[in-house]
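# Tertiary structure, described
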Amino acid sequence: MTVEPAIRDRPLLSERFAVAAVVVLLVLNGLVAFNQIRRLRLHTNRVEQSHVLRQKLDSIESAVITAEAGQRGFLITGQESYLDQYQETVKTVDSLVTQLLALTEADPAKADIAIAIQPLIRMKMEELASTIIVRRNAGFEEVRRLVAKNIGKRTMDSISKQVDQLRQIENRLISDREATAATTYGSVLLTSLMSTIVSLILVVAVLYLVQRNRQRAEQAEATIRREHEQLQASLDRNTILELENQRMGQYVRTIVEQVQDYAIFGMDDQCRAITWNEGVRQVLGFDESEFVGKDVRQLIFTPEASELGIPTVEFATAAQEGRASDDRWMMRKGGTRFWASGITSAVKDADGNVIGFSKVMRDLTERKRDEDEMAELATKLSEMNRRKNEFLATLAHELRNPLAPIKNAVQLMSMSESRPENMELHDTIARQVEQMIRLIDDLLDVSRIGHGKLTLHKDTINLRGVIASAIEASSTFITEK
């Protein structure tokens, strides 16, 4: 059992060397790449500074030209609106010159040119301001003669010359720095590519060594696993089954204890309770301490049932047949009665001897009461229906008695001679008597139906007679309408 960790924790020397070489190469690659990237960033920053300086020169030159354009517009037209642009430029030109000096202070050659530009710009601004004052005070002709001296043009040419000189220097620096940056970038790519290829080769070698060592370890592990399985198979299976039975018993006990609608409990062979669940509290009202260890027959069976020996018969039946039903009135704590429905089962050992009993029961009092009420209601309805049928039969029988002499009188009247108008009345009375006889017969049929004595006879009839009777029955109403 100790061979497996020993194999896993003993790498080969070649594997160690390969891993160390990969780590060293990755570290060196990182250092070289970091240095190259730092140099590339330095050159890129310098190129960016040159572009910023060149942009600043363009801004200064543009600002001076803009101020001069606003000054010329005012000199020619005399309108103060042209000076708005001039005044805005005057506010920013000093700031631009200051920024230019800050950008060139690290390079003496460029700093000298920037310093030479500063007084020229100041001189140009003063020349522009003086011509504006002359235009306001002396008029256009005086300022024209002053402009004709070309003092401002010479100053502007000097500024442009210094700016161009500094711009050329920056253009050369930008070209040199961009070339250096490109060279550095290529070097970074080449170095990274070479180190990546070498690292991949070493990683593949390490993976190959690791895979080979893993196969060896798996072979040894398989051998150990087979031996372990053989040892495991020789363990005592009774112990495993016992643990499984304990687990299942605990699982069943947990389920039983959580059931609340059913009282589920076990008893020994003397009917003393040995288990308890929450359902015992809900159905029977007993706590565990009040229930366990007590004779169940004295706790839950009614006195009448005990006097009749029902508990003894029930447990004897369960012991003999394996189970017994106990749907009857039982008692809960305090003597309250309820209708219980449940089963008593016998618990036997391996030899078939009864070692105890189990009982499952629930409270069905409400259902029992509903069933009793429904049975009582059905009995009452049946009695009412019987009395109704008797009443209808008696009524029909009593109604037939006075109709017999009436029918005989009508027949006697038909034998005597009467006037034609009396014969019509005679026929009407005869028809109505026959109708009443049929109605009374129908009442008797209803009574026979209730007793199941009605018989249906099939016969052939004359359809002409049926139609004639229908017409005769309706003729009176037809005549009235």
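Let me sum up the structure you'll find in this document. (Residues numbered from 1 in each chain as written. Predicted model: local features only at pLDDT ≥ 70, side-chain atom pairs only at ≥ 80, totals over all residues. Heavy atoms only, no water.)

### Quick notes on a nonpolar patch on the surface
A surface patch of nonpolar side chains, amounting to about 440 Å² of accessible area, comprises Val23, Val24, Val27, Leu28 and Leu31. Tracing the sequence through the fold places Leu31 in helix α2 (residues 13-77). (Patch = residues over 30% accessible without salt bridge, like charges linked within 9 Å, V, L, I, M, F, W, Y side chains within 5 Å. Areas by Shrake-Rupley, 256 points an atom, 1.4 Å probe, with all protein chains shown as cover. Salt bridge = Lys/Arg side-chain N within 4 Å of Asp/Glu carboxyl O. Helix = DSSP H or I, 4+ residues; strand = E, 2+ residues; numbered from the N terminus.)

### Remarks on helix α4 (residues 108-137)
Every α-helix winds through 3.6 residues per turn, so residues three or four apart in the chain are directed the same way. With 30 residues, α4 extends 44 Å between its outermost C-alpha atoms, agreeing within 8% with the 44 Å of an ideal straight helix rising 1.5 Å per residue. Count one or two residues on from α4 and you reach Gly139, which has phi positive near 100 degrees. (Expected span 1.5 Å × (residues − 1).)

### Section: the packing of aromatic side chains
One pass over the structure, following the stated rule, counts five aromatic pairs. Arranged with centres 6.4 Å apart and planes meeting at 65 degrees, the rings of Phe301 and Phe315 form a pair that is edge-to-face. Taken as a pair, Phe301 in the loop between α10 (296-300) and α11 (303-307) and Phe315 in helix α12 (residues 310-321) lie far apart in primary sequence, 14 residues in all. Exposure class is identical for Phe301 and Phe315. Each is buried. (Phe/Tyr/Trp six-rings, centres within 6.5 Å; stacked < 30°, edge-to-face > 60°. Buried < 20%, exposed > 50% of the residue type's maximum accessible area, 1.4 Å probe, protein only.)

### Remarks on the environment of Val292
As for its placement among the helices and strands, Val292 is situated in the loop between α9 (288-291) and α10. For Val292, a relative accessible area of 31% translates into the label partly exposed. Taking the C-alpha atoms as reference points, Val292 and Trp276, separated by 16 residues in sequence, lie 6.8 Å from one another. Not counting the four nearest positions on each side in its chain, Val292 is found in contact with Ala273, Ile274, Thr275 and Trp276. (Contact = heavy atoms within 4.5 Å.)

### Here we look at the side chain of Arg167
With respect to the helices and strands, the residue Arg167 is situated in helix α6 (residues 151-233). A polar atom in the side chain of Arg167 sits 2.7 Å from the side chain of Asp58. Beyond its immediate chain neighbours, meaning those up to four positions away, Arg167 contacts Arg54, Leu57, Asp58 and Glu61. (Polar contact = N/O pair within 3.5 Å; in protein donor to acceptor, adjacent residues only side chain to side chain.)

### Examining unusual backbone geometry
Within the chain, Cys271 stands out as a residue other than glycine whose phi angle is a positive 65 degrees. Note that Cys271 resides in the loop between β1 (263-268) and α8 (278-283). Taking the relative accessible area as the measure of exposure, Cys271 reaches 3% and is therefore buried.

### A few points about the pairing of strand β5 (residues 354-363)
Relative to β5, β1 is paired through six bridges, and the arrangement is antiparallel. Bridging from a neighbouring strand, Phe265 pairs with Lys359 of β5. Two elements, strand β4 (residues 337-348) and β5, share nine bridges in a ladder whose sense is antiparallel. Across the sheet, residue Ala340 finds its bridge partner in β5, namely Asp363. Between β4 and β5, which pair antiparallel one after the other, the connecting turn spans five residues, and Gly352 there sits at a positive phi close to 90 degrees. (Pairing = 2+ DSSP bridges.)

### Quick word on the pattern of salt bridges
This structure, assessed with the given rule, holds 15 salt bridges. Among the salt bridges present, the one from Asp58 reaches Arg167, with a minimum N-O distance of 2.7 Å. Here the residue Asp58 occupies a position in helix α2, and Arg167 occupies one in helix α6, the gap between them amounting to 109 residues. Here Asp58 falls in the partly exposed class, since its relative accessible area comes to 37%. With a relative accessible area of 16%, Arg167 lands in the buried category. For Asp363, the salt bridge is made with Arg332, and the minimal N-O distance between the two is 2.9 Å. Here the residue Asp363 occupies a position in strand β5, and Arg332 occupies one in the loop between β3 (328-331) and β4, the gap between them amounting to 31 residues. Several salt bridges share partner residues, and in doing so they unite Asp58, Asp164 and Arg167 into one network.

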